[in-house]
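Survey of secondary and tertiary structure
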Amino acid sequence: MPSPYGNKRTVAKLVSELEDAEKLNSRGRAYRRVCNLSHSDKKVVSWKFNEWDYGKNNITLPCKARGLFISDDVESPVIVARGYDKFFNMGEVSFTKWEWIEENCRGPYDVTIKANGCIIFISGLEDGTMVVCSKHSTGPREDVDRNHAEAGEKHLLKQLAEMNVDPKDFARMLYTYNITAVAEYCDDSFEEHILEYPLEKAGLYLHGVNVNEAEFETWDMKDVSELALKYGFKRIQSFDMNTIEDLKKLFDDCTASGSFKGQEIEGFVIRCHLKSNGKPFFFKYKFEEPYLMYRQWREVTKDYISNNSRVFKFKKHKFITNKYLDFVIPILDSSPKIREDYMKGFRIIELRTMFLESYGMSGLEILNHEKVAELELRNAIDYDKVDEHTKFLIFPISVIGCGKTTTSQTLTNLFPETWGHIQNDDITGKDKSQLIKKSLELLAKQEMKCVIVDRNNHQFRERKQLFEWLDELKEDYLAYDTNIKVIGISFAPYDKLSKIRDITMQRVIKRGNNHQSIKLDELGEKKVIGIMSGFLKRYQPLNIDKSPDNMFDLMIELDFNEIDSSLTNVKQILNEIHRAYPILMPEIPTDDKIDEAFRKSLEYKPTVRKIVGKGNGNQQKTPKLIRPVYISVNAREHDEIINLVRQGVANNKDLSQKFEGLLANDRLQKDFHITLGHVMSSREKEGKKLWKLYLTRYHDQITEYNNNHKENNSGNNQNTSVNTTDKLKFKLSKLCWDDKIIAIVVELSGNETGCLIDVNGDIVNGLKCLNKVPHITVCKIDSNVKAVYSNVLCEKVQSGEAQDENVKVLKLSDAKEFVGDVCLNF
């Protein structure tokens, strides 16, 4: 074993720096937690930082250890236990990219299998007291229902007893060597994770021994393995790779198979050394699959137990996750004990394994590309099948006064328990999709079989809109395998439009104020006729040979009669639905029942007032909704962008001196961002639709912001930035510089459908940058110039129109890919 480290250097300077960092408001802020020890009256202080502060080039932390416990001794504090310096996944940061590792690290590359449990730090005090910590705490705790440190210590004592080792001797050894033993506690009887650790595999897997110093120093795996063998720890599999090429090949082979030597593992931890100073350097390589899929199954199961809902927002593995839910829901519904255990972290692997066994495939086989087609074929949903589980929607095609509402009321009066009716005129908000949302919400009720979506739908775009909403929103309300048949009912044949015009106008005028949106007394006869004439001019009659009208499963074309047309319509609809879908209508109601339902429908009075045209004095005004002024991507690596600009201007003495002067005088923007869209964009025809998509995407965050600022809902800019979970990747392209402003043209990663990346790593379809030339404003040289001038300059540069000799354009390095966070700016 290595030589003992008997002389511990003082860490008073480190504690002072940590205490200073504790006073910071944001970047680099330190957090302390004072912990009581289990077997001593002494205390230790746990120090940690926000996860996102580690690895930032523009943030210098006093210590990068994840897991840092210092004695509560004002005069002479010492490090009691120390974790690894935070290390990152392959490609997660600039210094875990292959090119950086190849240039800055040297082998051999010590590869260890990544254990999947909870991390435990073990150290000792001079008096033989053993100190066992979880990541950020130790000793008794009342704020948690599962104490990882205590569970780890319990297993350690059992392990030492089996090896005939006195715990005090073990603690003194750790103290003498001034080290922390770092282990992963893997035990399904205590807490399940993703990989399976049954009784025979459960235990403390020793994967590191760190010296208790501020600067990271760790033992080689050979010495770690010897200590594990001596004190009964389970040993982590490890092996050496001599070259970077061997390492790449290992990762490629394991990614292709999804396993290592036939076993599922979470990934690898790689230890090597920096060429510059010989210090240890760690990084990890985690497999995305099948663990992403397994975690997804765990989350949807918990959600079902909590909310009895099988609707989920995951985009990946949608099909197989629904098959998993098909399997586990009956088990969960039949056993409250399993539900209770699952929410406590147990039975997770058991349910997953049961499903995979019933399905006849392993997780890796499900993900194998060759199996995908077979999977889809074997379990494809038969959308032509109509049975007792099939549900129905009815979309009318009509103009005002054709009797669709009376007809709809009659039908629902006939089948009040199983048919529903949602009227567009009852929806007064700006979200037009509420029509289909409310229809699906009603249809999702167990007893409901059919819902009439009552809107005129007099144009192709409106019919198309309904089908698009249905496709997009169906699985938010109904199980994925629910088959919905859409019935169209055309109330206005094209060859009778002239007759329809005359009769419907007479009907509406005679009806007077008995309509939700057309009030004769308020609008006057001339205005009413104008509104109805507009509908008729815009009317696009049914065309079953053209999309979207060819998407209906059944189309009922009604004639148009002057007298009792609604009663005649109802009887025709009943006959045709009975003939096409007897499962929905096994019997046609008698004439007496139809007449009774019809008379009842004539008594209908609208209860919701909907205003057509300008003016709405009768409605209560709602507070004005504060919306973002602009949506941006805030760059994470501010200082690194500055350094790349420095390098870009280094060969131009004049620009280099000017840039250093601006930097020295603190003239550069404090934060760099790319504007994705501005509220002014919504006033332009091309930008209006895209801006609306952004507002829809971030509806929840906007609503939450408004709820938190109700007292200030005056519409004034609150100068507040709200983070979203989306991000964007970009590269610097060109530096554009004139006498007013400095800006950088950037290239956005993504594809033709969008550039944003969601929390699952998927492209967000349809969301693009509204600016013609995405860019970052680096500095406003002229303090009077508006930031929007960056648009003008960058567009001129990109189009080749920037002929002014004052405009300087420099190509920047395109090797580095930056990451930014999408923010809403109010």
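Residues numbered from 1 in each chain as written. Predicted model: local features only at pLDDT ≥ 70, side-chain atom pairs only at ≥ 80, totals over all residues. Heavy atoms only, no water.

Per an unreviewed UniProt entry, the chain is named tRNA ligase, and its organism is Saccharomyces pastorianus. Its UniProt record, at the heading Catalytic activity (unreviewed entry), says of the chain: "ATP + (ribonucleotide)n-3'-hydroxyl + 5'-phospho-(ribonucleotide)m = (ribonucleotide)n+m + AMP + diphosphate." Here is the UniProt Sequence similarities (unreviewed entry) comment for the chain, exactly as written: "Belongs to the TRL1 family." (UniProt positions renumbered as here; feature names shortened; annotations may be inferred.)

1. Comments concerning the overall build of the chain
Regarding its fold elements, the chain presents 25 helices and 26 strands. Counting all 826 residues of the chain, 50% fall into the buried class. A separation threshold of at least 6 residues defines the contact pool for the chain, and within that pool the share at least 24 residues apart is 71%. Of the accessible surface of the chain, which amounts to about 41900 Å², a share of 47% is contributed by carbon and sulfur atoms. (Helix = DSSP H or I, 4+ residues; strand = E, 2+ residues; numbered from the N terminus. Buried < 20%, exposed > 50% of the residue type's maximum accessible area, 1.4 Å probe, protein only. Contact = heavy atoms within 4.5 Å. Areas by Shrake-Rupley, 256 points an atom, 1.4 Å probe, with all protein chains shown as cover.)

2. Notes on the packing of aromatic side chains
Summed over all chains, the structure comprises 40 aromatic pairs. Considering the side-chain rings of phenylalanine 281 and phenylalanine 283, the 6.2 Å spacing of their centres and the 40 degrees angle between planes classify their relative orientation as tilted. Taken as a pair, phenylalanine 281 and phenylalanine 283 share a single burial class, namely buried. A ring pair is formed by phenylalanine 395 and phenylalanine 467, whose centres lie 5.6 Å apart and whose planes are at 70 degrees; its orientation type is edge-to-face. Residue phenylalanine 395 is found in strand E14 (residues 391–397), and its partner phenylalanine 467 is found in helix H15 (residues 460–477); the two are separated by 72 residues along the sequence. Grouping aromatic residues by their ring pairs yields a cluster made of Trp98, Phe239, Phe251, Phe260, Phe268, Tyr285 and Phe287. For lysine 86, the ring lying beneath its charged end belongs to phenylalanine 88, and the centroid distance is 5.2 Å. (Phe/Tyr/Trp six-rings, centres within 6.5 Å; stacked < 30°, edge-to-face > 60°. Lys NZ or Arg CZ within 6 Å of the ring centre and 35° of its normal.)

3. Things to note about the side chain of threonine 129
Position of threonine 129 among the secondary structure elements: in the loop between strand E6 (118–124) and strand E7 (130–133). Contact partners of threonine 129, with chain neighbours within four places excluded, come to His39, Ser40, Ser123, Gly124 and Ala171.

4. Examining unusual backbone geometry
At the junction of glycine 107 and proline 108, the peptide bond is cis and its omega measures out at 0 degrees in the coordinates. Omega for the bond connecting serine 547 with proline 548 falls within 30 degrees of zero, at 10 degrees, which places this linkage in the cis form. Positionally, proline 548 belongs in the loop between helix H18 (525–538) and strand E18 (554–557). One non-glycine residue with positive phi stands out, namely asparagine 164, at about 55 degrees. You can see asparagine 164 is positioned in the loop between helix H3 (148–162) and helix H4 (167–177). Judged by relative accessible area, asparagine 164 falls into the exposed class, the value being 73%.

5. Regarding the sheet that holds strand E15 (residues 419–423)
If you walk across this open sheet you meet the five strands as E15-E16-E14-E17-E18, and the pairing is parallel. Of all strands in the sheet, those with a lone pairing partner are E15 and E18, marking the two edges. Averaged over all neighbouring strand pairs, the angle between strand axes comes to 20 degrees, with direction disregarded. Pairing analysis gives five bridges linking E15 to strand E16 (residues 450–454), with the strands arranged parallel. Considered in E16, the bridge of isoleucine 422 is made with valine 453. Contacts from helix H13 (residues 404–414) reach E14, E15 and E16 within the one sheet, and its direction differs from that of E15 by about 155 degrees. Sheet strands in contact with helix H14 (residues 434–443) are E14, E15, E16 and strand E17 (484–490), and its direction is about 165 degrees off that of E16. (Pairing = 2+ DSSP bridges. Axes fitted to C-alpha atoms, helices over the stretch in contact; angles between N-to-C directions.)

6. Quick notes on the pairing of strand E5 (residues 105–113)
As paired strands, E5 and strand E12 (residues 267–274) are joined by six bridges and run antiparallel to one another. Its bridge partner lying in E12, threonine 112 is registered against valine 269.

7. Points about the environment of serine 335
Summarising the element assignment, serine 335 is placed in the loop between helix H8 (318–334) and helix H9 (336–343). In this structure the side chain of serine 335 is engaged in a polar contact, spanning 3.1 Å, whose partner is the backbone nitrogen of isoleucine 338. (Polar contact = N/O pair within 3.5 Å; in protein donor to acceptor, adjacent residues only side chain to side chain.)

8. As for H13
Counting buried positions along H13 gives nine out of eleven residues, so the element sits mostly inside the fold. By the burial criterion, the buried members of H13 are Lys404, Thr405, Thr407, Ser408, Gln409, Thr410, Leu411, Thr412 and Leu414. Where H13 is buried, its residues meet E14, E15, E16, helix H19 (565–580) and helix H20 (591–602).

9. Structural notes on the packing of H13 against H19
At a minimum axis distance of 9 Å, the contact between H13 and H19 shows a crossing angle of 55 degrees. When the axes of H13 and H19 are compared, the pair comes out oblique. Crossing geometry of H13 relative to H19 is assigned as right-handed. Facing H13, whose interface residues are Thr406, Thr407, Thr410, Leu411 and Leu414, H19 presents Ser566, Asn569, Val570, Ile573 and Leu574. In terms of residue class, the contact of H13 with H19 is built from five nonpolar, five polar and no charged. (Parallel < 35°, antiparallel > 145°, perpendicular 65-115°, else oblique. Left-handed = near helix turned anticlockwise from the far one by under 90°. Nonpolar A, V, L, I, M, F, W, Y, C, P; charged D, E, K, R; others polar.)

10. Remarks on the environment of methionine 221
Tracing the backbone through its elements, the reader meets methionine 221 in helix H5 (residues 221–231). The spacing of methionine 221 and aspartate 110 is 111 residues in sequence and 7.7 Å in space, taken between C-alpha atoms. Sequence-distant contacts of methionine 221, that is, excluding residues within four places in its chain, are made with Asp110, Thr112, His207, Ser238 and Arg271.

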